[in-house]
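# Descriptive analysis of the structure
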Amino acid sequence: MTSYSPPLSEIIRVTNTESVNMFAEQMLKYMGYVYTQGKAATVESGLEATGIFLEERLDDSGGIYMTDGSGLSRSNALSASFITSLLHYMKSSSRYPEHFFNSLSEAGKKGTLQYYFKDPVFRDRLKAKSGTSTRIRNYAGILTTREGTDVPFAVLVNNFDCSSSEVTERVERLLKNIINSPGSD
């Protein structure tokens, strides 16, 4: 009996929209498998393949330290600068930018952002991947200003000492200001 996988675009959509960490972890291992030509489907080989990919494509691939594919390890570290650089690459140079950006949650509509960014200013203007845990609220994606300019963004809030809802409200205010600012590109 033969079983076929859904297309990668569908796997990525589910992974990013619903934040399915197991899928992300398996994709990292699969990248390692392809990179080693079928010899090793491991986190280590996947991390090596990812590092090489990023070094070849980004002007500055610093600002990243990965220990897994899901992003759940407290040892992982990404800078906002690295994330926005990667988002810019995905928008301007990747082969399938539409698959990636369509995989992101939509503010107030679907995925992990379904119940956030409900203000009408965000409707059809904000797509992002969220990353949340205890005292962590991170959002990265693309927003469209009122003037129609797409702006990659990353807001990383770690070890905050207020309520989660207050952090989310502050992030929403920040992104709303960017959307409404003239010349925010």
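Residues numbered from 1 in each chain as written. Predicted model: local features only at pLDDT ≥ 70, side-chain atom pairs only at ≥ 80, totals over all residues. Heavy atoms only, no water.

## Looking at the pattern of salt bridges
Scanning all chains against the criterion turns up eight salt bridges. Its salt-bridge partner being E10, residue R13 comes within 2.6 Å of it at the nearest N-O pair. Here the residue R13 and the residue E10 both occupy positions in helix α1 (residues 8–18), the gap between them amounting to three residues, near one helical turn. We classify R13 as partly exposed; its relative accessible area is 30%. Salt-bridge contacts for R170 lead to E166; the nearest nitrogen and oxygen are separated by 2.6 Å. Placement of both R170 and E166 in helix α6 (residues 164–180) is noted, with a separation of four residues, approximately one turn of the helix. With a relative accessible area of 30%, E166 lands in the partly exposed category. A cluster of three or more residues bridged by salt bridges with shared partners is formed by E106, K109, K110 and D124. (Salt bridge = Lys/Arg side-chain N within 4 Å of Asp/Glu carboxyl O. Helix = DSSP H or I, 4+ residues; strand = E, 2+ residues; numbered from the N terminus. Buried < 20%, exposed > 50% of the residue type's maximum accessible area, 1.4 Å probe, protein only.)

## Concerning helix α3 (residues 43–57)
Taking 1.5 Å as the rise per residue, α3 with 15 residues should run 21 Å; its terminal C-alpha atoms sit 21 Å apart, in good agreement. When we look at burial in α3, the residues that qualify are V43, S45, G46, A49, T50 and L54. For α3, the angular spread of buried residues about the axis comes to 165°, placing them on one side. Looking at α3, the residues exposed on the side facing more than 90 degrees away from the buried face are E44, E55 and E56. (Expected span 1.5 Å × (residues − 1). Arc of directions from axis to C-beta.)

## Topic: the packing of aromatic side chains
Per the counting criterion, the structure on display carries five aromatic pairs. On the basis of an interplanar angle of 80° and a centroid distance of 5.0 Å, the ring pair of F100 and F101 is categorised as edge-to-face. Classification of F101 by relative accessible area gives buried; the value is 8%. Seen in terms of ring centroids, F117 and Y139 are 5.4 Å apart; in terms of plane orientation they differ by 90°. Their pairing is edge-to-face. In this pair, F117 is assigned in the loop between β3 (105–106) and β4 (126–133) and Y139 in strand β5 (residues 136–144), connecting sequence segments 22 residues apart. The residues F117 and Y139 share a single accessibility class, namely buried. Clustering of aromatic rings is evident, with ring pairs tying together F117, F122 and Y139. K91 extends its terminal NZ or CZ atom over the ring of F101, reaching a point 5.7 Å from the ring centre. (Phe/Tyr/Trp six-rings, centres within 6.5 Å; stacked < 30°, edge-to-face > 60°. Lys NZ or Arg CZ within 6 Å of the ring centre and 35° of its normal.)

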